Amino acid sequence: MKISPSIASSNLLKIGEEIERIGNSYDTLHVDIEDGNFVPNITFGFDMLDHLNEYSPKPFSIHLMVCRPEDYILKLSQYNCEYIFIHTGSTKYIRKVLQMIKKNGIKAGIALNPADTIDHLLYLVEDVDAILVMTSEPDMRNNAFEMKLLSKIESIVKKTNVEVWCDGGIGQQEMIKLEKLGVYCCVVGRSLFKQEDPTIFIEKMNIL
């Protein structure tokens with residue numbers, strides 16, 4: 001199972017050192033972009049992506065928690081983005097935005113909040129490369145992993161033929177459970193960056 005460190009959980013005052021601390025054994029660097037409208041918080045903008053681009057040896061996986069994600073795609077295509085995830089409720093024309101992402105050579109994904117279901121979105125499966133399942137409420141700091149979502153995740157893995165990602169309150173024990181369900185990648189934040197040596201944590205997870 002792959003790992004994507006969530007840079008929002010790092011010490012942002014020492015961003016270069018934090019990226020150096022996690023080494024090179026992960027696959028993408030996960031970046032949450034929040035506009036203060038779609039969700040209450042405001043996180044990273046393009047200035048921060050410029051800095052991350054200087055330090056990170058890995059491509060980005062971008063989670064857009066914004067209104068009108070279509071306004072971000074062209075600019076994001078100028079960065080080393082491997083994935084862009086968008087929420088289905090953030091735009092009226094989700095298929096158009098997904099196609100826009102793909103036309104710019106980036107893998108397209110949809111993000112599901114804990115309350116969202118997959119059934120009414122199955123028509124989009126052919127348009128996406130990945131589905132990001134939020135395993136705690138997005139933008140709620142220190143929220144724990146919701147164990148009740150394991151059956152939902154299992155159902156999504158079985159019903160779709162795309163990469164399933166999970167994000168929210170994920171530690172080592174949760175990763176073991178998710179790996180058994182067939183999850184492709186875990187976004188890991190606090191449990192990774194709180195480690196004295198995050199590279200050891202990543203190495204342990206890479207041998208699951």
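Note that the structure is a prediction, hence the values are computed from the model and not measured. All residue numbers refer to positions counted from 1 along the written sequence of the respective chain. pLDDT decides what is reported in this predicted model: residues at 70 or higher carry local features, side-chain atom pairs at 80 or more are listed and counted, and totals for whole chains, interfaces and linings draw on all residues regardless. Excluding hydrogens and water, the side-chain figures rest on all heavy atoms present in the structure.

Here we look at the nonpolar core
The test is simple: Put simply, a nonpolar core is a bunch of buried Ala, Val, Leu, Ile, Met, Phe, Trp, Tyr and Cys residues held in one set by side-chain atoms that sit within 4.5 Å of each other. The rule is simple: take the accessible area with a 1.4 Å probe, protein chains only, and divide by the maximum for that residue type; under 20% is buried, over 50% is exposed, in between is partly exposed. A run of H or I in DSSP counts as a helix once it spans at least four residues, and a run of E counts as a strand once it spans at least two, with each numbered from the N terminus. Contacts are assigned to residue pairs with any non-hydrogen atoms lying within 4.5 Å of each other.
In terms of nonpolar packing, the biggest core is built from 56 residues, with I62 and L64 touching the most fellow members. In terms of residue count, the dominant contributor to this core is helix 4 (residues 94–103) (four residues). If we ignore the near neighbours within four places in the chain, the residues touching L64 are I33, P69, Y72, I73, L76, I84, F85, I86 and H87. With nine residues, the next largest nonpolar core counts F85, A111, M134 and W165 among its residues.

Some remarks on unusual backbone geometry
The phi torsion at R68 lies on the positive side, around 55 degrees, for a residue other than glycine. As for its placement among the helices and strands, R68 is situated in the loop between strand 3 (60–65) and helix 3 (70–76).

Re helix 5 (residues 150–159)
Going by this rule: Each direction from the helix axis to a C-beta atom contributes to the arc, which is the arc of those directions.
All buried positions along helix 5 are accounted for by K152, I153 and I156. Taken down its axis, helix 5 places every buried residue within 100 degrees of arc, on the same side. Summarising the geometry of helix 5, the exposed residues directed more than 90 degrees from the buried face are S151 and K158.

Quick look at the environment of F60
Relative to the elements of secondary structure, F60 occurs in strand 3. C-alpha separation for the pair F60 and K107, spaced 47 residues apart in sequence, amounts to 11 Å. Not counting residues up to four positions away in its chain, the partners in contact with F60 are T28, L29, V31, L49, L52, N53, Y79, N80, C81, E82 and Y83.

Remarks on the environment of T88
Relative to the helices and strands, T88 resides in the loop between strand 4 (81–87) and helix 4. In sequence terms T88 and L112 are 24 residues apart; their C-alpha atoms lie 7.7 Å from each other. Beyond its immediate chain neighbours, meaning those up to four positions away, T88 contacts I94, I110, A111 and L121.

Brief notes about the packing of aromatic side chains
Here is the rule we go by: A pair of aromatic rings is counted whenever rings of Phe, Tyr or Trp (Trp by its six-membered ring) have centres within 6.5 Å, and the orientation is called stacked for planes under 30 degrees apart, edge-to-face for over 60 and tilted otherwise. The criterion for a charge sitting over a ring is simple: Lys NZ or Arg CZ within 6 Å of the ring centre, and within 35 degrees of the ring normal.
Within this structure, the stated rule accounts for five aromatic pairs. Aromatic pair F46 and Y72: ring centres 6.2 Å apart, planes at 40 degrees, arrangement tilted. Placement of the pair is F46 in helix 2 (residues 46–55) and Y72 in helix 3, with a sequence separation of 26 residues. Relative to F85, the ring of Y83 has its centre 6.0 Å away and its plane inclined at 5 degrees; by these criteria the two rings are stacked. For Y83, a relative accessible area of 2% translates into the label buried. Given a relative accessible area of 0%, F85 falls into the buried group. Members of the aromatic cluster, connected to one another through ring pairs, are F46, Y72 and Y79. The ring centre of Y26 lies 5.8 Å from the NZ or CZ of K58, which sits over that ring. A cation over an aromatic ring shows up here: K75 above the ring of F46, its NZ or CZ 5.7 Å from the ring centre.

Considerations on the sheet that holds strand 5 (residues 107–112)
This is how the line gets drawn: DSSP-based pairing: two strands are paired if at least 2 bridges between them are found. For helices, the fitted axis covers only the stretch in contact; all axes are lines through C-alpha atoms, and the angles between them, taken along N-to-C directions, range from 0 to 180 degrees.
Strand order in the open sheet formed by eight strands is 1-8-7-6-5-4-3-2, and the pairing between neighbours is parallel. Sheet topology places strand 1 (2–5) and strand 2 (29–34) at the edges, where each strand pairs with a single neighbour. Taken over all neighbouring pairs, the strand axes of this sheet differ in orientation by 25 degrees on average, direction set aside. Across five bridges, the pairing between strand 3 and strand 4 is parallel. Residue H63 lies in a different strand from strand 4, and its bridge partner there is F85.

So, the confidence of the model for the protein
Operational definition: The predictor reports its confidence for every residue as pLDDT, a score running from 0 up to 100.
With 97% of its residues at a pLDDT of 70 or more, the protein has an overall mean of 91. Here helix 8 (residues 198–206) is the element of the protein with the lowest mean pLDDT, 85, and strand 7 (residues 163–167) is the one with the highest, 98.

Here we look at the packing of helix 5 against helix 6 (residues 172–181)
In helix packing, the relevant descriptors are the interaxial angle and the interaxial distance, both defined with respect to the helix axes. Operational definition: The handedness criterion is simple: a crossing whose near helix is rotated anticlockwise from the far helix by less than a right angle is left-handed, and one whose near helix is rotated clockwise is right-handed. Charged means Asp, Glu, Lys or Arg here, nonpolar means Ala, Val, Leu, Ile, Met, Phe, Trp, Tyr, Cys or Pro, and polar covers whatever is left, Gly included.
Two elements in contact, helix 5 and helix 6, have axes whose closest approach is 9 Å; the angle formed by their N-to-C orientations is 30 degrees. The handedness of the crossing between helix 5 and helix 6 comes out as right-handed. Here L150, I153, E154 and V157 of helix 5 lie close against helix 6, whose contacting residues are K177, L178 and L181. Of the residues that constitute the contact of helix 5 with helix 6, the class distribution is five nonpolar, no polar and two charged.

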